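Chain by chain, the residues run as shown.
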Amino acid sequence: MIKMIFAFSLYSLVLLLQNSMNYSHISNILFFALIPIGLLIFFYEKMVDQQLSELLIIIKNIMVALAAISIFFWLIALIGIPTNMTATVTWGANSNLPGYFGMHYLAQGSVNFLGMNIVRNTGIFVEAPMYAYTLCIALLTLLFIEERPMKWQIFLISMTLISTTSTTGTVVGLIAFGWYFIFVQKVKKSDC
(Lines give C-alpha, C1' and ligand atoms only; values in the text may rest on other atoms or scores of the structure.)
Protein backbone atom coordinates (compact mmCIF):
# COMPACT_ATOMS: atom_id res chain seq x y z
CA MET A 1 0.00 0.00 0.00
CA ILE A 2 2.88 2.37 0.77
CA LYS A 3 4.25 1.71 -2.72
CA MET A 4 0.90 2.76 -4.22
CA ILE A 5 0.79 5.97 -2.18
CA PHE A 6 4.36 6.78 -3.23
CA ALA A 7 3.59 6.02 -6.90
CA PHE A 8 0.45 8.20 -6.96
CA SER A 9 2.26 10.99 -5.07
CA LEU A 10 5.05 10.90 -7.65
CA TYR A 11 2.45 10.89 -10.43
CA SER A 12 0.67 13.88 -8.87
CA LEU A 13 3.95 15.75 -8.61
CA VAL A 14 4.71 15.11 -12.30
CA LEU A 15 1.20 16.32 -13.25
CA LEU A 16 1.61 19.42 -11.12
CA LEU A 17 4.96 20.23 -12.73
CA GLN A 18 3.74 19.65 -16.28
CA ASN A 19 0.60 21.75 -15.65
CA SER A 20 2.75 24.60 -14.39
CA MET A 21 4.77 24.36 -17.64
CA ASN A 22 1.54 24.09 -19.69
CA TYR A 23 2.28 20.87 -21.63
CA SER A 24 -1.27 19.57 -22.11
CA HIS A 25 -0.35 16.65 -24.41
CA ILE A 26 1.87 15.19 -21.67
CA SER A 27 -1.05 15.53 -19.26
CA ASN A 28 -3.31 13.52 -21.58
CA ILE A 29 -0.76 10.74 -21.90
CA LEU A 30 -0.19 10.62 -18.16
CA PHE A 31 -3.89 10.75 -17.39
CA PHE A 32 -5.07 8.12 -19.86
CA ALA A 33 -2.10 5.76 -19.48
CA LEU A 34 -0.87 5.95 -15.91
CA ILE A 35 -4.14 6.13 -14.00
CA PRO A 36 -5.55 2.89 -15.48
CA ILE A 37 -2.21 1.14 -14.98
CA GLY A 38 -2.06 2.41 -11.40
CA LEU A 39 -5.61 1.25 -10.70
CA LEU A 40 -4.85 -2.13 -12.25
CA ILE A 41 -1.86 -2.53 -9.92
CA PHE A 42 -3.95 -1.38 -6.95
CA PHE A 43 -6.79 -3.82 -7.63
CA TYR A 44 -4.37 -6.67 -8.36
CA GLU A 45 -2.62 -6.03 -5.04
CA LYS A 46 -5.99 -6.05 -3.25
CA MET A 47 -6.92 -9.30 -5.00
CA VAL A 48 -3.62 -10.97 -4.05
CA ASP A 49 -4.01 -9.82 -0.44
CA GLN A 50 -7.59 -11.20 -0.42
CA GLN A 51 -8.96 -7.71 0.26
CA LEU A 52 -10.84 -7.08 -2.99
CA SER A 53 -14.19 -8.14 -1.55
CA GLU A 54 -13.67 -5.78 1.40
CA LEU A 55 -13.00 -2.92 -1.01
CA LEU A 56 -16.13 -3.74 -3.02
CA ILE A 57 -18.21 -3.84 0.18
CA ILE A 58 -16.90 -0.37 1.09
CA ILE A 59 -17.89 0.88 -2.37
CA LYS A 60 -21.30 -0.79 -1.95
CA ASN A 61 -21.84 0.97 1.40
CA ILE A 62 -21.02 4.34 -0.17
CA MET A 63 -23.45 3.61 -3.01
CA VAL A 64 -26.21 2.61 -0.57
CA ALA A 65 -25.83 5.99 1.17
CA LEU A 66 -25.83 7.84 -2.17
CA ALA A 67 -28.86 5.83 -3.32
CA ALA A 68 -30.82 6.73 -0.18
CA ILE A 69 -30.04 10.43 -0.65
CA SER A 70 -30.74 10.45 -4.38
CA ILE A 71 -34.01 8.50 -4.22
CA PHE A 72 -35.27 10.99 -1.62
CA PHE A 73 -34.42 14.03 -3.77
CA TRP A 74 -35.58 12.28 -6.95
CA LEU A 75 -39.02 11.76 -5.35
CA ILE A 76 -39.03 15.43 -4.32
CA ALA A 77 -38.30 16.38 -7.95
CA LEU A 78 -41.08 14.08 -9.18
CA ILE A 79 -43.70 15.79 -7.05
CA GLY A 80 -42.54 19.17 -8.36
CA ILE A 81 -40.72 20.82 -5.47
CA PRO A 82 -38.34 23.36 -7.07
CA THR A 83 -34.58 23.03 -6.77
CA ASN A 84 -32.72 25.36 -4.42
CA MET A 85 -29.35 25.70 -6.17
CA THR A 86 -27.52 25.60 -9.49
CA ALA A 87 -24.09 24.13 -10.18
CA THR A 88 -22.09 25.26 -13.19
CA VAL A 89 -20.15 22.65 -15.15
CA THR A 90 -17.99 22.95 -18.25
CA TRP A 91 -18.89 19.52 -19.60
CA GLY A 92 -21.84 18.65 -21.82
CA ALA A 93 -24.59 20.76 -23.35
CA ASN A 94 -26.25 21.88 -20.11
CA SER A 95 -23.75 24.06 -18.23
CA ASN A 96 -26.09 25.01 -15.35
CA LEU A 97 -27.39 22.03 -13.41
CA PRO A 98 -30.29 22.54 -11.00
CA GLY A 99 -30.00 20.63 -7.76
CA TYR A 100 -30.84 20.18 -4.12
CA PHE A 101 -28.30 21.24 -1.46
CA GLY A 102 -25.34 20.08 -3.58
CA MET A 103 -26.36 16.48 -2.93
CA HIS A 104 -28.52 15.73 -5.97
CA TYR A 105 -28.65 17.19 -9.47
CA LEU A 106 -31.24 17.11 -12.24
CA ALA A 107 -28.64 16.89 -14.97
CA GLN A 108 -30.63 15.26 -17.77
CA GLY A 109 -34.22 16.33 -17.32
CA SER A 110 -37.07 13.94 -18.08
CA VAL A 111 -37.22 11.06 -20.55
CA ASN A 112 -39.78 8.55 -21.78
CA PHE A 113 -39.06 5.27 -19.96
CA LEU A 114 -41.39 2.26 -20.07
CA GLY A 115 -44.18 4.48 -21.38
CA MET A 116 -43.83 7.09 -18.62
CA ASN A 117 -42.28 10.54 -18.83
CA ILE A 118 -40.11 10.78 -15.69
CA VAL A 119 -37.08 12.73 -14.47
CA ARG A 120 -33.82 10.77 -14.70
CA ASN A 121 -32.17 10.16 -11.34
CA THR A 122 -28.54 11.18 -11.81
CA GLY A 123 -27.66 11.57 -8.12
CA ILE A 124 -24.35 13.41 -7.88
CA PHE A 125 -23.33 12.28 -11.37
CA VAL A 126 -23.56 14.26 -14.60
CA GLU A 127 -25.21 11.41 -16.52
CA ALA A 128 -27.63 8.73 -15.40
CA PRO A 129 -25.67 5.88 -17.07
CA MET A 130 -22.62 6.75 -14.95
CA TYR A 131 -24.77 6.51 -11.85
CA ALA A 132 -26.35 3.27 -13.08
CA TYR A 133 -22.88 1.78 -13.61
CA THR A 134 -21.88 2.40 -9.99
CA LEU A 135 -25.26 1.15 -8.77
CA CYS A 136 -24.74 -2.06 -10.78
CA ILE A 137 -21.41 -2.60 -9.03
CA ALA A 138 -23.18 -2.19 -5.69
CA LEU A 139 -25.98 -4.57 -6.71
CA LEU A 140 -23.53 -7.21 -7.95
CA THR A 141 -21.56 -6.88 -4.71
CA LEU A 142 -24.74 -7.33 -2.68
CA LEU A 143 -25.89 -10.38 -4.62
CA PHE A 144 -22.65 -12.23 -5.24
CA ILE A 145 -19.99 -11.10 -2.75
CA GLU A 146 -21.66 -10.14 0.51
CA GLU A 147 -22.36 -13.19 2.64
CA ARG A 148 -25.61 -11.94 4.15
CA PRO A 149 -27.03 -9.19 1.95
CA MET A 150 -29.70 -7.04 3.53
CA LYS A 151 -32.98 -7.10 1.61
CA TRP A 152 -33.66 -3.40 2.14
CA GLN A 153 -30.30 -2.55 0.54
CA ILE A 154 -31.07 -4.77 -2.46
CA PHE A 155 -34.48 -3.09 -2.77
CA LEU A 156 -33.02 0.44 -2.41
CA ILE A 157 -30.25 -0.12 -4.97
CA SER A 158 -32.72 -1.79 -7.38
CA MET A 159 -35.26 1.02 -7.17
CA THR A 160 -32.56 3.64 -7.57
CA LEU A 161 -31.16 1.74 -10.56
CA ILE A 162 -34.59 1.75 -12.21
CA SER A 163 -35.01 5.47 -11.44
CA THR A 164 -31.91 6.26 -13.51
CA THR A 165 -33.89 5.04 -16.56
CA SER A 166 -30.68 3.55 -17.91
CA THR A 167 -31.50 0.65 -20.23
CA THR A 168 -28.07 -0.92 -19.72
CA GLY A 169 -28.38 -0.62 -15.94
CA THR A 170 -31.85 -2.18 -16.00
CA VAL A 171 -30.68 -5.05 -18.21
CA VAL A 172 -27.61 -5.70 -16.03
CA GLY A 173 -29.85 -5.67 -12.94
CA LEU A 174 -32.31 -8.13 -14.50
CA ILE A 175 -29.51 -10.47 -15.59
CA ALA A 176 -27.95 -10.27 -12.10
CA PHE A 177 -31.26 -11.15 -10.43
CA GLY A 178 -31.87 -13.95 -12.91
CA TRP A 179 -28.44 -15.42 -12.30
CA TYR A 180 -28.85 -15.03 -8.54
CA PHE A 181 -32.24 -16.73 -8.33
CA ILE A 182 -31.45 -19.49 -10.83
CA PHE A 183 -27.93 -20.43 -9.74
CA VAL A 184 -26.96 -18.90 -6.40
CA GLN A 185 -30.21 -19.61 -4.56
CA LYS A 186 -30.18 -23.17 -5.91
CA VAL A 187 -26.67 -23.72 -4.52
CA LYS A 188 -27.61 -22.21 -1.15
CA LYS A 189 -30.70 -24.46 -0.89
CA SER A 190 -28.71 -27.59 -1.79
CA ASP A 191 -26.13 -26.76 0.90
CA CYS A 192 -28.83 -26.77 3.63
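Higher on the page you've got the structure.
Every value quoted in this text rests on a predicted model; they were computed, and no experiment measured them.

With that settled, consider the sheet that holds strand S3 (residues 104-105). What holds strands together in a sheet is hydrogen bonding between their backbones, with the strands either parallel or antiparallel. With antiparallel pairing, three strands are arranged side by side in an open sheet as S1-S2-S3. The open sheet has two edge strands with one neighbour each: strand S1 (85-88) and S3. Sheet topology places S1 next to strand S2 (residues 96-100); four bridges connect them, and they run antiparallel. What sits directly across from Thr 88, in S2, is Asn 96.

Below, the discussion takes up the environment of Gly 102. Residue placement: Gly 102 occurs in the loop between S2 and S3. Taking the C-alpha atoms as reference, Gly 102 lies 9.9 Å from Gly 123; in sequence the two are 21 residues apart.

Here we come to the pattern of salt bridges. Applying the stated rule across the entire model yields one salt bridge. In this structure, Lys 60 engages Glu 146 in a salt bridge whose closest nitrogen and oxygen atoms are separated by 3.2 Å. A residue pair is termed long-range when its members are at least 10 positions apart, and Lys 60 in helix H3 (residues 52-78) and Glu 146 in the loop between helix H4 (128-144) and helix H5 (151-163) qualify at 86 residues. With a relative accessible area of 1%, Lys 60 lands in the buried category.

The end-to-end C-alpha distance of H3 is 37 Å, a good match for the 39 Å that 27 residues give at a rise of 1.5 Å each. Of the residues one or two after H3, Gly 80 is the one with positive phi, at around 95 degrees.

Okay, the packing of aromatic side chains next. Two aromatic rings are characterised by how far apart their centres lie and by the angle between their planes. For the structure on display, the rule yields eight aromatic pairs. Considering the side-chain rings of Phe 144 and Tyr 180, the 6.2 Å spacing of their centres and the 70 degrees angle between planes classify their relative orientation as edge-to-face. Placement of Phe 144 in helix H4 and of Tyr 180 in helix H6 (residues 167-191) is noted, with a sequence separation of 36 residues between them. Aromatic side chains Trp 179 and Phe 183 sit 4.3 Å apart centroid to centroid with 45 degrees between the ring planes, which places their arrangement in the tilted category. One end of the pair, Trp 179, and the other, Phe 183, are both in helix H6, four residues apart, so they sit about a helical turn from each other. An aromatic cluster of three or more residues is present, and its members are Phe 72, Phe 73, Tyr 100 and Phe 101.

Quick look at unusual backbone geometry now. Although it is not a glycine, Phe 101 adopts a positive phi angle of roughly 55 degrees. Structurally, the position occupied by Phe 101 is in the loop between S2 and S3. In this structure Phe 101 comes out as exposed when scored by relative accessible area, which is 58%. A positive phi angle is found at Thr 165, which is not glycine, with a value near 55 degrees. Within the fold, Thr 165 resides in the loop between H5 and H6.

Reading guide: rules and limits
Residues numbered from 1 in each chain as written. Predicted model: local features only at pLDDT ≥ 70, side-chain atom pairs only at ≥ 80, totals over all residues. Heavy atoms only, no water. Pairing = 2+ DSSP bridges. Helix = DSSP H or I, 4+ residues; strand = E, 2+ residues; numbered from the N terminus. Salt bridge = Lys/Arg side-chain N within 4 Å of Asp/Glu carboxyl O. Buried < 20%, exposed > 50% of the residue type's maximum accessible area, 1.4 Å probe, protein only. Expected span 1.5 Å × (residues − 1). Phe/Tyr/Trp six-rings, centres within 6.5 Å; stacked < 30°, edge-to-face > 60°.

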